[in-house]
Amino acid sequence: MIRLLLTSSALTLIAACATPAAQIMPDETRPFIAASQAEEIIERPVEIVSVAEALPLPGQLKPVSGALAGQTEKDQEPAPPIAPEAAIEQGRKSALIEPSVDGYVNAIQIYPFTEGALYRLYASPGQVSDIALQSGEQLVSVSAGDTVRWVVGDTVSGAGPTARAHVLVKPISAGIHTNLMIATDRRVYHLELESTGDGYMAALSWRYPQDDLMDRMARNERALSREDSTVGTGVTLEGMDFNYALSGDRPDWAPLRVFDDGRQVFIQMPDDIATHDLPPLFVLGERGKAELVNYRVKSNYYIVDRLFRAAELRLGEKKQTVVRITKTGKRSGFAALFGG
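A. Main features of the pattern of salt bridges. Here the structure, examined in full by the defined rule, presents 12 salt bridges. A salt bridge links Arg187 to Glu137, with the shortest nitrogen-to-oxygen separation between them at 3.2 Å. You can see Arg187 sitting in the loop between β9 (177–184) and β10 (188–195) and its partner Glu137 sitting in the loop between β5 (129–132) and β6 (139–144), a full 50 residues away along the chain. On the basis of relative accessibility, which here comes to 10%, the residue Arg187 falls in the buried class. Of the charged contacts in the structure, one is a salt bridge between Asp305 and Arg296, with a shortest N-O distance of 2.9 Å.

Okay, here's the thing in structure tokens:
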């Protein structure tokens, strides 16, 4: 079974390939390779339960002891003011994210990226620590608070769209610390650097939950767009029957092609059918009596969930425009494939 996109462009492309054999000059130096059917992997949309929102860092969560005790907002005493220096230090400490055992993948500490967070990097004299950015992210600038006792450089690994920028840091002695700001074309990173003599972090990088969510939403849009433009799935070439003839009037909205897969009948209308009034479809019974039939319109196709021997598309009231669709006998060759 293969998936067939029933669009006029696809069928036109196949028709364009139907060149007479006399015009095809085979290359004797290259062997012919038989074509084989390949099953197409269908990308399905997934359900997104919630959108990621920026949350306070662990050190910034506020207690709710007053509310738990049943106090109202009026009963709670306002917090005493603190000095600006203390507020700055408290904000810095609450935004600081330390490395954890669970965050390690091999020797790389992977932090979840959060806007405004401070990420700790422990370095050691004589050792280089690697700060790896996201693939495809372009480095704009790197600024360190102490460029005398800290050596800071950058490099790139990979090439093309998968190229990855790296910032390398190395202290010249233990017991020193500074901060580092990395600006890229996508975001800004803030790091706290501390030099120790006991150990160091070989590398750190980030994972990006918001980017993963945006990528998933984009995949959903592509999958939904693909489903909207796909008329049918699970259709085999062997089961398609183009033995239908058109007669009667020839309006601008007349069908281009009619075929079935043994279960459903597909009536391909012109691409600009949306600019016309859609004619209703009637199936003609054994005595020629017109009966309404269940069908649906998808893209520029009428899809009828049953087979019929004859049907009519009618538009108008007193003077109707009628296009008759009639099932004919079997044909062979390209006429059977393209309805010619």
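B. Examining the packing of aromatic side chains more closely. For the coordinates displayed, the defined rule picks out 11 aromatic pairs. Relative to Tyr119, the ring of Tyr111 has its centre 5.2 Å away and its plane inclined at 40 degrees; by these criteria the two rings are tilted. Here Tyr111 falls in the buried class, since its relative accessible area comes to 1%. When the ring of Phe113 is compared with that of Tyr208, the centres are 5.9 Å apart and the planes differ by 40 degrees; the resulting orientation is tilted. Of this pair, Phe113 sits in the loop between β3 (108–112) and β4 (118–123) while Tyr208 sits in the loop between β11 (203–207) and α4 (209–229), and the two are 95 residues apart along the sequence. A single burial state applies to Phe113 and to Tyr208, both of which are buried. Site record: aromatic cluster; members linked through ring pairs are Tyr111, Phe113, Tyr119, Tyr189, Trp206 and Tyr208. Lying across the ring of Phe113, Arg187 places its NZ or CZ 5.3 Å from the centre. When the ring centre of Phe282 is taken as reference, the NZ or CZ atom of Arg314 above it lies at 5.2 Å.

C. Broad picture of the pairing of strand β14 (residues 265–268). Burial along β14 is two-sided: Val265 and Ile267 facing one way and Phe266 and Gln268 facing the other are all buried. Relative to β14, strand β13 (residues 257–260) is paired through 4 bridges, and the arrangement is antiparallel. By the bridge assignment, Val258 is partnered in β14 with Ile267. Of the strand pairs in this sheet, β14 and strand β18 (residues 301–304) are connected by 4 bridges, and their pairing is antiparallel. Counterpart to Phe266 in the pairing with β18 is Ile303.

D. Representation of unusual backbone geometry in the model. One non-glycine residue, Asn106, adopts positive backbone phi at about 55 degrees. Relative to the elements of secondary structure, Asn106 occurs in the loop between β2 (104–105) and β3. Judged by relative accessible area, Asn106 falls into the exposed class, the value being 78%. Its identity is not glycine, yet Ser299 carries a phi of approximately 60 degrees, on the positive side. Mapped onto the fold, Ser299 is located in the loop between β17 (295–298) and β18.

E. Structural context of the sheet that holds strand β1 (residues 96–97). As summarised here, the arrangement of the 5 strands in space is β1-β4-β10-β9-β6, forming an open sheet in which the pairing is mixed. Sheet topology places β1 and β6 at the edges, where each strand pairs with a single neighbour. Pairing analysis gives 5 bridges linking β6 to β9, with the strands arranged antiparallel. Looking across to β9, one finds that Leu139 is bridged to Thr184.

About the cut-offs
- Residues numbered from 1 in each chain as written.
- Predicted model: local features only at pLDDT ≥ 70, side-chain atom pairs only at ≥ 80, totals over all residues.
- Heavy atoms only, no water.
- Salt bridge = Lys/Arg side-chain N within 4 Å of Asp/Glu carboxyl O.
- Helix = DSSP H or I, 4+ residues; strand = E, 2+ residues; numbered from the N terminus.
- Buried < 20%, exposed > 50% of the residue type's maximum accessible area, 1.4 Å probe, protein only.
- Phe/Tyr/Trp six-rings, centres within 6.5 Å; stacked < 30°, edge-to-face > 60°.
- Lys NZ or Arg CZ within 6 Å of the ring centre and 35° of its normal.
- Pairing = 2+ DSSP bridges.

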